[in-house]
Amino acid sequence: QVQLVESGGGLVQAGGSLRLSCTASGRTFSSYVRWFRPPPGKEREFVAATAWSGGRIHTADSVKGRFTISRDNAKSTVDLQMNSLKPEDTAVYYCNTGGGLPAIAGPYWGQGTQVTVSS
C-alpha cells in the first residue's frame, strides 16, 4: 500500500507563488507521480507528472511555463512549484500515483491540499 500526503497549499494573490509537496510512504512506488486538480464546478484536470525513476516530465498546456514538477528520491517527495498564479488555478490539488500512463490517474491518492488565488 502507498500513502501520499500533500502539503504547501494556501492563499496567495494573483501573480504569487506556492510550492506543493507530496510525500510518499509505504510500499515504494515506481510508476508516475502526478498532480491533479478539480477546479470548482469542473472535471478533474491533469496538471503535471514525472516518473519516479526519472525521464520525461509531462505538464498540462494550461500551466506550462508557470508550474514545474520535480522529485527528490532520497526524501520520497514530489514537489510542484507554482509561479505566476492566476485565480483560475484555485482548486484542491491532489497527488496521485500508480498505473502506467503519465496523464491517467492511478489508484493511489493523497487527501489534497487547497490552493486559493485571489484576484
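First, a word on scope: everything that follows refers to the structure included in this document.

So, how was this worked out
Throughout, a residue's number is its position along its own chain's written sequence, starting from 1. For a predicted model such as this one, the threshold for reporting local features is a pLDDT of at least 70, and the threshold for listing and counting side-chain atom pairs is 80 or more; totals across whole chains, interfaces and linings nevertheless cover every residue. Only hydrogens and water are set aside when side-chain values are computed; all heavy atoms of the structure are taken into account. Two rings from Phe, Tyr or Trp (for Trp, the six-membered ring) form a pair when their centres are within 6.5 Å of each other. A pair whose planes differ by under 30 degrees is stacked, one over 60 is edge-to-face, and the rest are tilted. Per the convention used, a helix needs a DSSP run of H or I reaching at least four residues, while a strand needs a run of E reaching at least two, with both numbered from the N terminus. Here, a charge over a ring is recorded when the distance from Lys NZ or Arg CZ to the ring centre is within 6 Å and its angle to the ring normal is within 35 degrees. We call two strands paired when DSSP finds no fewer than two bridges between them. By definition, a salt bridge exists where a carboxyl oxygen of Asp or Glu is found within 4 Å of a side-chain nitrogen of Lys or Arg. Here the term buried applies to any residue with accessible area under 20% of the maximum for its type, exposed to any over 50%, and partly exposed to those in between, with areas from a 1.4 Å probe on protein chains only.

Looking at the packing of aromatic side chains
Enumeration over the complete set of coordinates arrives at 3 aromatic pairs. Relative to Phe 46, the ring of Phe 36 lies with its centre 5.8 Å away and its plane at 70°, an arrangement referred to as edge-to-face. Separated by 10 residues along the polypeptide, Phe 36 in strand E4 (residues 32-37) and Phe 46 in strand E5 (residues 45-51) bring together distant segments of the chain. One aromatic cluster in this structure is built from Phe 36, Phe 46, Tyr 94 and Trp 109. Here the guanidinium or amino end of Arg 44 rests over the ring plane of Phe 36, the centre of that ring lying 5.3 Å away.

Focus: the pairing of strand E3 (residues 18-26)
Across 6 bridges, the pairing between strand E1 (residues 2-7) and E3 is antiparallel. Each bridged residue has a counterpart across the sheet, and for Glu 6 the counterpart in E3 is Cys 22. Taken together, the 6 bridges between E3 and strand E8 (residues 77-82) define a ladder with antiparallel strand orientation. Residue Ser 21 lies in a different strand from E8, and its bridge partner there is Asp 79.

Details of the pattern of salt bridges
Close approach of charged atoms allows side chains with opposite charge to pair. Evaluation of the coordinates by the stated rule reveals 5 salt bridges. Among the salt bridges present, the one from Lys 64 reaches Asp 61, with a minimum N-O distance of 3.3 Å. The class of Asp 61 is exposed, set by a relative accessible area of 67%.

Note that all results are geometric; they support no functional claim without further evidence.
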